[in-house]
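Coordinates in review
What follows is each chain in one-letter form.
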Amino acid sequence: MDPLETKQTYQNYVDKKSPNSPILKNCFNAFWVGGLICTIGQVILNICKERGFDTQISGTIVSIILIGISAFLTGLNLFNKIGKFAGAGSLIPITGFANSIVSPAMEYKSEGYVMGVGGKMFTVAGPVLVFGISASIIVGIIYLIFNTQSITLV
Amino acid sequence: MDINWANVFEWSSLLKCFVTAGIICIIGQILIDKTKLTPARILVIFVTTGAILGGLGIYKYLVDFAGAGATVPLTGFGYNLAKGAIEEVQKSGLIGVFTGGVKAAAGGIAAAVFFGYLASLISKPKMKKQ
Amino acid sequence: MEKLGSQTIKFNTPPTILDCASIVGPKEAQGPLAKYFDQTLDDEFWGEKTWEKAESKIIKETVNTVISKSGISIDKIDCLFAGDLLNQCISSSFGLRELNVPFFGVFGACSTFVESLSLGSICVEGFAENVLCATSSHFCSAEKQFRFPLELGNQRPPTSQWTVTGAGAAIVSKSGTGPFVTHITPGKIVDMGIKDANNMGAAMAPAFADTLISHFQDTGRNPSYYDAIISGDLGHIGKEIAIDIAKSKGYNIKSNYNDCGVLIFDKSTQDTHSGGSGCGCCGSVFSGYFFKQLKDKKIKKILLIATGALMNSTSSQQGETIPGIAHAISIEM
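Positions within a chain are numbered from 1, following the residues in the order the chain's sequence is written. Going through the entries in the order they are written, you letter the chains from A and number the ligands from 1. At least 70 in pLDDT is required for a residue's local features to be given in this predicted model, at least 80 for side-chain atom pairs to be given and counted, and no such filter applies to totals for whole chains, interfaces and linings, which use all residues.

Quick word on the overall build of chain A
Segments assigned H or I by DSSP are reported as helices when at least four residues long, segments assigned E as strands when at least two residues long, and all are numbered from the N terminus. On a plain count of helices and strands, chain A comes out with 8 helices and 0 strands. Each radius of gyration reported is based on C-alpha atoms, and the globular scaling rule is 2.2 Å times the count of residues to the power 0.38. Taken over C-alpha atoms, the radius of gyration comes to 21 Å for chain A, far larger than the 15 Å a tight globule of 154 residues would show. Projected onto its principal axes, the C-alpha positions of chain A cover 70 × 50 × 40 Å. Remark: C-beta atoms are placed from the backbone, and a residue is labelled buried if 20 or more other C-beta atoms sit within 10 Å of its own, exposed if 12 or fewer do, or partly exposed between those counts. Looking at chain A residue by residue over its 154 residues, the buried ones come to 52%.

In structure tokens:
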């Protein structure tokens, strides 16, 4: 068989030839690391509640602490090792968001503190804010018009 | 005020949190391994999904069930943005559309920016040894 | 100099490769070829502030090493061909700006080493006495430009390749005792529609096969003529694909074919996935390992085919496919 017969046959041939990611192992690691990070968050959340903070404030405290830990580990050059092991397990929790802001900030330090660190900080995380905030505005507009959440369920 | 540690480490809430978060991360991992999406795109998918599910009033149930297991993943960040927008609309109408989301997420965003800048001041990227 | 067949150039008075030098980074220093390189570095910054500066220093020092090894004085070098992976080839132009030698910056992605050797050989057959050819790449500066920040906690897919930190430099000369550059086969751009920037081997393998087969057709040689057929940086997956494609076209290269990206790292212990890549990969492996093998007459005839993926981060963001290229050079002792 000639793998180069057409682009399509070549693509199929390459897909067959290329090894797949060890998805079961990756999922297992993602599961327990992601679970663990969020459980740490839950413990902090419970402590805040015991301290008498309301849910909203407690949630914010949890976010800030986890972001701080993630930034600290990134600064110690450790987060990429965790990320390599855990994949989505450390990416999907808020720790991944923090890492995606801290890592370009460190990387582009060599281009200066204003346009390097300041300018490139959001190269990875910028889209998250753009889409997240835009989605929240659309949700707000829909809520404003229909004045209910359940209408959008139908 | 004394902390009741039995409440803090109440195992059923922690277990629900652990399993829910784990499952959300597995979904992310499957996306990474099967679709070749970049990390930025995966984060965008999660935050947008969270905002939409939050807007539809569905994600609330997951948060009630799993606590931090649903709020700490990026879907929770999206949910938080949407929830903030809705609450602010209830309070102050049209202007709340624009202020609510970011207000609710302000702590996280400000912390990430500040800690990011701080880390870049004191630390240097190092080559992955592996 | 005469043209053979469709795209091969044969040298009537074959230029000789006078000497080679190579410097590689810390990870390459743990690889199986470590002892062959002229110098290995302990850290990826090499005392510089940025990776870009470090890469410039690597190519500069490699060029200085080859000049002092060869014993040729700098004013006897007629011109210099050099290239790298960074935008506008800043590593080579910044690193070599104080050399005071006529400079041609070349870009052929990871195929640059053979591209500069080819152009250098043509100059030597034409007007020049000595021509210097050099290429470099640096893992960190390449990751920064093409992929993600180093500290980002992402996973590398198993098809991805590891950019070699290192440089190779060679002096091509009119007179000398060999090894000699007898033929060059400049490659055509071949694009088989691969879009995955994490699977460069698959994107470049068709270009490799195209140049390989053109070389055999033009020269009338066959795979068994060479002691070694070496590709630049197809990596483990690209190597397998290349063998398959060549076989389907009627050429069995399995027994004497290998790849610089496969040789430079130990896949089982170094976690480099599909192997090495980058301008410095082919450059340092040829300069460090194969040149010595040729000099010691352990290998007498080698066909070196450096492969390159001609894309950048903008093109891959715009969803473009990856055009591949491969240049072949036949070196005989």
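Considerations on the interface of chain B and chain A
Put simply, an interface is often sized by how much accessible area is lost when its parts join up. In this complex, chain B contributes 75 residues to the contact, which on the side of chain A involves 73 residues. Put simply, the parts of the chain that give the side of chain B that touches chain A at least two residues each are helix H1 (5-8), helix H2 (11-35), helix H3 (39-55), helix H5 (68-71), helix H6 (74-92) and helix H7 (94-122) of chain B. Residue contributions to the side of chain B that touches chain A peak at 19 residues, all from H7 of chain B. Tallied by class, residues from the side of chain B that touches chain A come to 47 nonpolar, 24 polar and 4 charged. A residue pair is marked as a contact if its C-beta atoms, positioned from the backbone, fall within 7 Å. Three classes are used, and their members are as follows: Ala, Val, Leu, Ile, Met, Phe, Trp, Tyr, Cys and Pro are nonpolar, Asp, Glu, Lys and Arg are charged, and the others, Gly among them, are polar.

A word on the domain arrangement of chain C
Residue and element names in this part refer to chain C. As annotated, the domain borders come from an automatic or database domain assignment. For chain C, the domain assignment lists domain 1 (2-173) and domain 2 (180-332). Taking only C-alpha atoms, the centre of domain 1 and the centre of domain 2 are 17 Å apart. The partner domain 2 presents 58 residues to the 60 residues of domain 1 that form the contact. When residues of the side of domain 1 that touches domain 2 are traced back to their parent elements, those giving at least two are strand E2 (8-10), strand E3 (16-24), helix H3 (112-126), strand E7 (130-137), helix H4 (139-146), strand E8 (162-163) and strand E9 (166-173).

Looking at the pairing of E7 of chain C
Residues and elements named next belong to chain C. Most of E7 is tucked away, with 8 of its 8 residues classed as buried. Going residue by residue along E7, you find Asn130, Leu132, Ala134 and Ser136 tucked away on one face and Val131, Cys133, Thr135 and Ser137 tucked away on the opposite face as well. Here, any two strands with at least 2 DSSP bridges between them count as paired. As judged from the 5 bridges shared by strand E5 (residues 79-83) and E7, these two strands associate in the parallel manner. By the bridge assignment, Phe81 is partnered in E7 with Cys133. Pairing geometry for E7 and E9, over 8 bridges, is antiparallel. Directly across from Ser137, in E9, lies its bridge partner Gly166.

Quick word on the confidence of the model for chain C
Residue and element names in this part refer to chain C. Mean pLDDT over chain C stands at 94; residues scoring 70 or higher make up 100%. Note on scores: pLDDT gives the predictor's confidence for each residue, bounded by 0 and 100. Per-element mean pLDDT across chain C ranges from 89 in helix H8 (residues 267-270) up to 97 in strand E15 (residues 324-332). The complex model carries a pTM of 0.93, and its ipTM stands at 0.92.

Focus on the interface of chain B and chain C
Contact with chain B, which involves 7 residues of that partner, is made by 11 residues of chain C. Across the side of chain B that touches chain C, the residue classes break down as 4 nonpolar, 1 polar and 2 charged.

Let's talk about the packing of helix H3 (residues 55-75) of chain A against H7 of chain B
Where H3 of chain A contacts H7 of chain B, the axes come no closer than 9 Å and their chain directions differ by 20 degrees. Our classification of the angle between H3 of chain A and H7 of chain B gives roughly parallel. Handedness of the H3 of chain A/H7 of chain B crossing: right-handed. In this structure, H3 of chain A contributes Thr60, Ser63, Ile64, Ile67, Gly68, Ala71, Thr74 and Gly75 of chain A to the contact, and H7 of chain B contributes Gly107, Gly108, Ala111, Ala112, Phe115, Gly116, Ala119 and Ile122 of chain B. Between the N-to-C directions of two axes lies an angle of 0 to 180 degrees, each axis being a line fitted to C-alpha atoms and, for a helix, fitted only over the stretch in contact. When an angle is under 35 degrees it counts as roughly parallel; over 145 it counts as roughly antiparallel; between 65 and 115 it counts as roughly perpendicular; any other value is oblique. With the far helix as reference, a near helix turned anticlockwise by less than a right angle produces a left-handed crossing, and one turned clockwise produces a right-handed crossing.

Some thoughts on helix H6 (residues 94-107) of chain A
The terminal C-alpha atoms of H6 of chain A, which comprises 14 residues, lie 20 Å apart, in line with the 20 Å expected from a rise of 1.5 Å per residue. Across the 14 residues of H6 of chain A, 14 count as buried, placing the element largely inside the fold. Here the expected span of a helix is defined as 1.5 Å times the quantity of residues minus one.

Here we look at the domain arrangement of chain A
By domain assignment, chain A separates into domain 1 (22-123) and domain 2 (125-154). Inter-centroid distance (C-alpha atoms) of domain 1 of chain A to domain 2 of chain A is 25 Å.

Looking at the nonpolar core
Residue and element names in this part refer to chain C. Core analysis: the largest hydrophobic core is formed by 106 residues, its most contacted members being Ala169, Phe208 and Leu304. Of all the elements, helix H5 (residues 200-219) adds the most residues to this core, at 10 residues. Each of two domains, domain 1 (2-173) and domain 2 (180-332), supplies a minimum of three residues to this core. Non-local contacts of Leu304, meaning those with residues more than four positions away in its chain, are made with Val114, Ile230, Phe286, Ile329 and Ile331. Here a nonpolar core is just a set of buried residues of the types Ala, Val, Leu, Ile, Met, Phe, Trp, Tyr and Cys, joined wherever their C-beta atoms sit within 7 Å.

Structural notes on the environment of Glu10 of chain B
Residues and elements named next belong to chain B. Residue position: Glu10 is located in the loop between H1 and H2. Residue classification places Glu10 among the partly exposed positions, given that 14 C-beta atoms sit within 10 Å. In this structure, the C-alpha to C-alpha distance between Glu10 and Leu118, residues 108 residues apart in sequence, is 35 Å.

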